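Analysis of the macromolecular model
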Amino acid sequence: MTQLPGLLDTEAIRKDFPILDRVLHDGKKLVYLDNAATSQTPRQVLDVITEYYEQHNANVHRGVHVLAEEATELYEGARDKVAEFINAPSRDEVIFTKNASESLNLVANMLGWADEPYRVDHETEIVITEMEHHSNIVPWQLLSQRTGAKLKWFGLTDDGRLDLSNINEVITEKTKIVSFVLVSNILGTLNPVEAIVRRAQEVGALVLIDASQAAPHMPLDVQALQADFVAFTGHKMCGPTGIGVLWGRQELLEDLPPFLGGGEMIETVSMNSSTYAPAPHKFEAGTPPVSQAIALGAAVDYLTAIGMDKIAQHEHAITEYAVKRLREVPDLRIIGPVTAEDRGAAISFVLGDIHPHDVGQVLDEQGIAVRVGHHCARPVCLRYGIPATTRASFYLYSTPAEVDALVDGLEHVRNFFG
Amino acid sequence: MTQLPGLLDTEAIRKDFPILDRVLHDGKKLVYLDNAATSQTPRQVLDVITEYYEQHNANVHRGVHVLAEEATELYEGARDKVAEFINAPSRDEVIFTKNASESLNLVANMLGWADEPYRVDHETEIVITEMEHHSNIVPWQLLSQRTGAKLKWFGLTDDGRLDLSNINEVITEKTKIVSFVLVSNILGTLNPVEAIVRRAQEVGALVLIDASQAAPHMPLDVQALQADFVAFTGHKMCGPTGIGVLWGRQELLEDLPPFLGGGEMIETVSMNSSTYAPAPHKFEAGTPPVSQAIALGAAVDYLTAIGMDKIAQHEHAITEYAVKRLREVPDLRIIGPVTAEDRGAAISFVLGDIHPHDVGQVLDEQGIAVRVGHHCARPVCLRYGIPATTRASFYLYSTPAEVDALVDGLEHVRNFFG
Amino acid sequence: MKLDSMYQEVILDHYKHPHGRGLREGDAEVHHVNPTCGDEITLRVKYDGSRIEDVSYEGQGCSISQASASVLNDLLVGKDLAEARRIQEVFLELMQSKGKLEPDDAMEEVLEDAVAFAGVSKYPARVKCALLSWMAWKDATAQALGEDRESAVRKSA
Amino acid sequence: MKLDSMYQEVILDHYKHPHGRGLREGDAEVHHVNPTCGDEITLRVKYDGSRIEDVSYEGQGCSISQASASVLNDLLVGKDLAEARRIQEVFLELMQSKGKLEPDDAMEEVLEDAVAFAGVSKYPARVKCALLSWMAWKDATAQALGEDRESAVRKSA
Ligand SMILES: Cc1ncc(COP(=O)(O)O)c(C=O)c1O
Ligand SMILES: Cc1ncc(COP(=O)(O)O)c(C=O)c1O
């Protein structure tokens, strides 16, 4: 077996993930390389979900009975865990949403309804980048259409990086918000936060960072990032579906208006008017995703016990190996950075003129699960003149042997369509 | 043991709910009477959740690999189940949200951004009722503030029913939307849908029904209701947290604009503009609550196997018994209908001048879980001049013995504060 | 091998050597995409009364969607509309059969090369690829004949 | 019985016979609510320099929130602000102790009747009830002395 420096003990880790033992088709063992779409869920997290429903399930915040108190403590305890995980200055800055997309839409909507100085209107500008996930494009297109604000974006260089050469023209005094992805889900690129934040601060624009592909894979420190908001999603970091996070600076969360209205987010309600609870509750209307938040807390415990720095190291080693091996495949072109520097563990590529859909299908027949398509980042495909890509993405349980299986599988694809 | 006609075999049913065996404090068996806040979750649903993560977990819609196909089939299969459960004309009319609150906010936001003839603006009116849950008040207050539309509402009669005497003044030609609760979570009242829908149709207003307290407890037929939208929530009907439903008429869903933007809800995206997928996907931005939807499908299977009519019958019998027994308690005043006719299984009351918080605390000490407070329906408390109520609410596993325990517990409360 | 049931020789042939590809003059043009994977097709129809004079197309996509467009061109050009509709319906039925329909002689007579897609119907994610051009044709026809513009209307951002 | 640790005689006494209840003249008035349960209090403070001349209040709520306001009135009226702040802090510490703090003599000296709330600190949902009037007092004081209006500002719909 290939040995690389910095690898985790994947043999032990893989025992925590029952699904990795699954056998597909006629005896092919699952090679799961679709982690950028969603990660698998360890037994430790599943046990917490079951225990919650078997022992503590109740609606939170509003009860004096034991179950309600336990459920509330578990739910709010999960908030503490997430706050610590991202080094938030205060637990009250952690808002639970249903996914990263809601987190991003939440910010867009808050700014659309905000008072000055935050308000986005027809005299202001919004800045994103060409490598955003659709979930960080469409909310801003909608906001721009609905307020008249101008939507601008950073383009990409040929090697899959942000083109910041015109940063002073893109981010101007009119810019109210700059929203960009920390690690691209299609290119794998890790973006230079500091340069963007510095310019945004210069002009007094708020910064929202989409950390959906970062939070699962590397230590995340919202204070070090110096952003105003950070969004990510539970199902990509060993947590369940149905849970996302928005972190925001406390003063902003105090000043900004609510988005969804309803139970839990109020202070007092009469038919004529209502006042709102302080953040984070102001932004959590209705019964929150209680068991999902608790399970995310368990996922955070799981990841922390292994160590986010160790996970990053492991993925870096795997990525380095994968880039090297993929570059040996004839006719294969990596879309995105072609080294392992400043990149995450998602690698997109095209294979000659074989359509990714066909690549994915033939790989699947061998038990290898990759994603094909535009990966919710169609502008990137347009930018590089390709209809779609095939993407392999790794996580803490990925092994060099799985990289080898992918490379062998691609050989098979080439023969099949050769 | 008290035998009532129409009861379910609760002995068998209770075996499905592990939490009901829980012992609290010093050996007190849990008497869970907080079902209007959230229901408990049967083993059948928990098993489906675990099996999903251990066997099929993948992101939906976008993959060609086996897991992605299985996950998609399970997720879309859950949509079929829910559609059948509510007798929806088409499965594409079922939108998965995170809870009923999001479903209600979704409609409010669609109408705020809609084109004519749906658009809510400063020349139009919104109609709700005084017995709405905060989740069906605050979204309309926000919409009214943000568009200038006038918010109007039906008042309540002294016996806890809607006062429809001035229906023609409340619902007028200016009314764009009438949104009301089918069964009140605080009063228990079952509202007369037909009269309201008829008047709304007369003036061309849309009708949204909040069925959060109805879907879990009685057969729900969206076609029979003749509403335009129906909202409900998973965690009150044996499903998990983190999942809600909005049903809407297909033509409306086609015509109305999206709310949250992002992955999954698009047809095609470029930096300059996007087009949207047809409903329901248009309204499901980002990775949906996959496992939660699947679990809700399992909950629907569970409820259907028992039979919604049988569940309604059971609850009616329990409610009748509970109303009778509670009325025997000295100084107890029921807030809401004092018979079991046209009401659900949530019964609010006040006990002399003992504050509900204290009532709840002393009951809890005996293992009896009730909810106390304003139940996210503070205007109802204001209307009846009370600070809060104690609420006992029943479900398919509730027994006459639990009603007896409640009544004994209240006797204890009276002695304690006597 | 299961894969061979999807990637029949006939399909790979059409994919590598598509028939009637390219955009020519038409009475109506539509652009359809498969949001799942980004497959796209631009398709034009030309009618001579109720006779299909031409179906021309451009697009990008996987072997299944490309081959399917090529087969469509083969099957429909020259046919009368009623006949073409029947072919389309039979093809739709086959594709929605989840691999449970074994094409019989009658079906083979109607679908010719298109029966090769029977294996694709086992793969839900790919059924949409196979249907892309057929849905586009249906839509373009409705537009050309001014029957029903409904399905062509999509809210646009 | 665990319940008795919450509902101490002292607390029930204050609840049934509250001290200093009613609204009288003051330098500042605040209205606080506990969104969890709807408990409300309107509270006024009157200062004579740094001496608390009066704390008057009206409200509705459970035994714990009502008794706590009564005890507050007992403890703070007539005290100097610095001393009152110290009492408030000790009470806060006790309430946040989750039942793990056994009040010693020193604490009893400071809190007098208020030590009876030690048992309440075991019930997270009720801690807010016990603190409602104390938070209102802190807020009203800040307003009366014009120190810090921050905490009084709430966005209103
Ligand atoms: C009548 C009613 N409407 C709406 C809701 C909101 O449901 P959720 O909290 O799941 O959003 C509830 C329950 O809390 C309810 O009882
Ligand atoms: C970079 C990035 N942003 C946002 C999202 C959206 O996350 P979700 O689908 O959980 O809302 C994703 C994943 O799909 C992503 O990769």
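Residues numbered from 1 in each chain as written. Chains lettered and ligands numbered in written order. Predicted model: local features only at pLDDT ≥ 70, side-chain atom pairs only at ≥ 80, totals over all residues. Heavy atoms only, no water.

Some details on the interface of chain A and chain B
Chain A puts 97 residues into the contact, and the matching count from chain B is 96 residues. Interface area for chain A against chain B, summed over the two sides, is near 7,900 Å², with a carbon-plus-sulfur share of 57%. When the shortest N-O distance is used, the salt bridge between Arg22 of chain B and Glu70 of chain A registers 2.5 Å. Run the count over chain A and chain B and you get 48 residue pairs in polar contact (both at pLDDT 80 or more). For the side of chain A that touches chain B, the residue count by class is 43 nonpolar, 40 polar and 14 charged. (Contact = heavy atoms within 4.5 Å. Buried area = accessible area lost by both parts, 1.4 Å probe. Salt bridge = Lys/Arg side-chain N within 4 Å of Asp/Glu carboxyl O. Polar contact = N/O pair within 3.5 Å; in protein donor to acceptor, adjacent residues only side chain to side chain. Nonpolar A, V, L, I, M, F, W, Y, C, P; charged D, E, K, R; others polar.)

With respect to the nonpolar core
Ranked by size, the top nonpolar core spans 182 residues in total, and within it Leu396 of chain A together with Leu396 of chain B carry the most contacts. With near-sequence residues (within four places) excluded, Leu396 of chain B lies in contact with Leu8, Thr10, Ile13, Cys238, Tyr302, Leu303, Ile306, Ile311, His314 and Glu315 of chain B. Counting residues in hydrophobic clusters, the runner-up holds 84 residues, among them Val362, Ile368 and Leu406 of chain B together with Trp134 of chain D. (Core = buried A, V, L, I, M, F, W, Y, C linked by side-chain atoms within 4.5 Å. Buried < 20%, exposed > 50% of the residue type's maximum accessible area, 1.4 Å probe, protein only.)

As for the site of ligand 1
Near ligand 1 there are 15 residues, and of these Thr287 of chain A together with Ser101, Asp210, Thr233 and Lys236 of chain B occur at the shortest range. Near ligand 1, residues from chains A and B are present, making the site a shared one. The side chain of Ser101 of chain B places a nitrogen or oxygen atom 2.6 Å from an oxygen atom of ligand 1. Ser212 of chain B places a side-chain nitrogen or oxygen 3.4 Å from a nitrogen atom of ligand 1. Isolated, ligand 1 exposes 390 Å² of accessible area, and the fraction of that covered by the protein chains is 98%. (Near = heavy atom within 4 Å. Areas by Shrake-Rupley, 256 points an atom, 1.4 Å probe, with all protein chains shown as cover.)

Quick notes on the sheet that holds strand β2 (residues 39-48) of chain C
What links the strands of a sheet is backbone hydrogen bonding, and the strands pair in either a parallel or an antiparallel sense. Residue and element names in this part refer to chain C. Strand order across the open sheet formed by 3 strands is β1-β2-β3, with antiparallel pairing between neighbours. Of all strands in the sheet, those with a lone pairing partner are β1 (28-34) and β3 (51-60), marking the two edges. Recorded for the sheet is a direction-independent mean angle of 20 degrees between the axes of neighbouring strands. Pairing of β2 with β3, which is carried by 9 bridges, proceeds in the antiparallel orientation. In the sheet register, Tyr47 faces β3, and the bridge partner there is Ile52. Contacts from helix α3 (residues 63-76) reach β2 and β3 within the one sheet, and its direction differs from that of β3 by about 170 degrees. (Pairing = 2+ DSSP bridges. Helix = DSSP H or I, 4+ residues; strand = E, 2+ residues; numbered from the N terminus. Axes fitted to C-alpha atoms, helices over the stretch in contact; angles between N-to-C directions.)

So, the relation of the copies chain A and chain B
The operation relating chain A to chain B is a screw motion whose rotation component is 180 degrees, with 0.0 Å of axial translation and a residual RMSD of 0.0 Å. Expressed as an axis order, the relation between the two copies is that of a two-fold axis. Closest approach to the rotation axis among the C-alpha atoms of chain A is made by Gly242 of chain A, whose C-alpha sits 2.9 Å away. Both copies contact each other with a shared surface, as 99% of the interface residues of chain A are interface residues in chain B too. (Least-squares fit on C-alpha atoms with pLDDT ≥ 70 in both.)

Focus on the domain arrangement of chain A
Interfaces are frequently sized by the accessible area removed from exposure as the parts join. All names here are of chain A. Each domain of chain A was delimited in the assignment, giving domain 1 (10-32 + 307-417) and domain 2 (46-305). Taking only C-alpha atoms into account, the centre of domain 1 sits 28 Å from that of domain 2. Between domain 1 and domain 2, the contact holds 33 residues from the first and 32 residues from the second. Counting the surface lost from both domain 1 and domain 2, the interface buries some 2,600 Å², and carbon and sulfur atoms represent 58% of this. (Domains from an automatic or database assignment.)

Some words on the site of ligand 2
Residues in contact with ligand 2 amount to 15 residues; listed here are only the nearest, Ser101, Asp210, Thr233 and Lys236 of chain A together with Thr287 of chain B. At the site occupied by ligand 2, the surrounding residues belong to chains A and B. Within the side chain of His133 of chain A, an N or O atom sits 3.0 Å from an oxygen atom of ligand 2. Here an oxygen atom of ligand 2 and a side-chain polar atom of Thr287 of chain B are 2.6 Å apart. Calculation on ligand 2 without its partners gives an accessible area of 400 Å², and the protein chains cover 99% of this total. Split into classes, the residues belonging to the shell around ligand 2 amount to 2 nonpolar, 11 polar and 2 charged.

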